[in-house]
Amino acid sequence: MRIGILGAGAMAGALGGQWVRAGHEVMIGARSPEKAAALAERIGARSGTLREAAGFGEVVLLAVWYAGALDVVRQVDLGGRVLIDCTNVWGDSTFALMTGDGPSGAQLIAGATGARVVKAFNLCHESVWRMTPPAFDGHPLGVPICGDDDEALEAVEGLVRDLGCEPLPGGGLSRAGQLEATAAFVVGLYAVGADPATMIPPLAHAGGEPEPLNG
């Protein structure tokens, strides 16, 4: 598969490097040609402009800070393309969402581009995506994904599995805001040294313990 990546930062390198190792053709595009070329050389990818990377990819990864994301996507043609949005939308140490009570960042990006947007890969630090594979306590990492287009979801599910992870069906793009808020809440717990894993019971206990029979 051809994958275009918009951005040349840590997330672009982590995910792009894994997909190159999985056999995909990857092109890094950035505002700075020097940064794009340096990252591409490091991970074994091609480099180009933002427009060239957007046009190259059957799937395109948006890997920039959310504050500049809409500006970036408006510079390129993404109409009809599968666009993975891994951005997070909090703006400061309070972890307040920059989107407020409005549409999610993913929905705003979809509206600005006409792309088939899938929200994914936004819950983990880039170092997790560099693990081969990302697995903890013997279990592959689950990656929630939200999107409305079945073909786009199928493509992203395959890319999740290429990392050794397990895709988790998160529903339509209307639920992307919940995923964005979850990321802000979880990282806020990490920031104070709390472990979010301790707040969620195992699946077997999700419905509660059965009531004992009397007599």
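Since the structure is predicted, the reported quantities are computational estimates derived from the model, not experimental observations.

Thresholds, definitions, all that
Residues numbered from 1 in each chain as written. Predicted model: local features only at pLDDT ≥ 70, side-chain atom pairs only at ≥ 80, totals over all residues. Heavy atoms only, no water. Helix = DSSP H or I, 4+ residues; strand = E, 2+ residues; numbered from the N terminus. Buried < 20%, exposed > 50% of the residue type's maximum accessible area, 1.4 Å probe, protein only. Contact = heavy atoms within 4.5 Å. Pairing = 2+ DSSP bridges. Right-handed = clockwise from strand over helix to strand, strands pointing away.

### Details of the environment of Val 60
- Relative to the helices and strands, Val 60 resides in strand S4 (residues 59–62).
- By relative accessible area, which is 0% here, Val 60 ends up buried.
- For the pair formed by Val 60 and Asp 85, sequence separation is 25 residues and the distance between their alpha carbons is 8.8 Å.
- Beyond its immediate sequence surroundings of up to four residues, Val 60 is in contact with Gly 4, Leu 6, Ala 53, Ala 54, Leu 78, Arg 81, Val 82, Leu 83 and Ile 84.

### As for the pairing of strand S2 (residues 25–29)
- With respect to burial, S2 is a largely interior element, four of its five residues being buried.
- In this sheet, S2 lies alongside strand S1 (residues 2–6) in parallel orientation, the contact comprising five bridges. In the strand pairing of S2, Ile 5 is matched with Ile 28.
- Tracing the backbone out of S1, into helix H1 (residues 10–21) and back to the parallel element S2 gives a crossover that is right-handed.
- Two strands pair when backbone bridges link them, and S2 and strand S3 (residues 46–48) are joined in this way by three bridges, in the parallel orientation.

### Topic: the pairing of strand S6 (residues 116–119)
- In the sheet, strand S5 (residues 82–85) pairs with S6 via four bridges, with the strands oriented parallel. Paired with Asp 85 across the bridge in S6 is Lys 119.
- Handedness of the S5-helix H5 (residues 105–113)-S6 crossover: right-handed.
- Looking at chain direction, S6 and strand S9 (residues 142–147) are connected through two bridges and run antiparallel. Residue Val 118 lies in a different strand from S9, and its bridge partner there is Gly 147.

Fair warning: the whole summary comes from geometry, so function is off the table for now.
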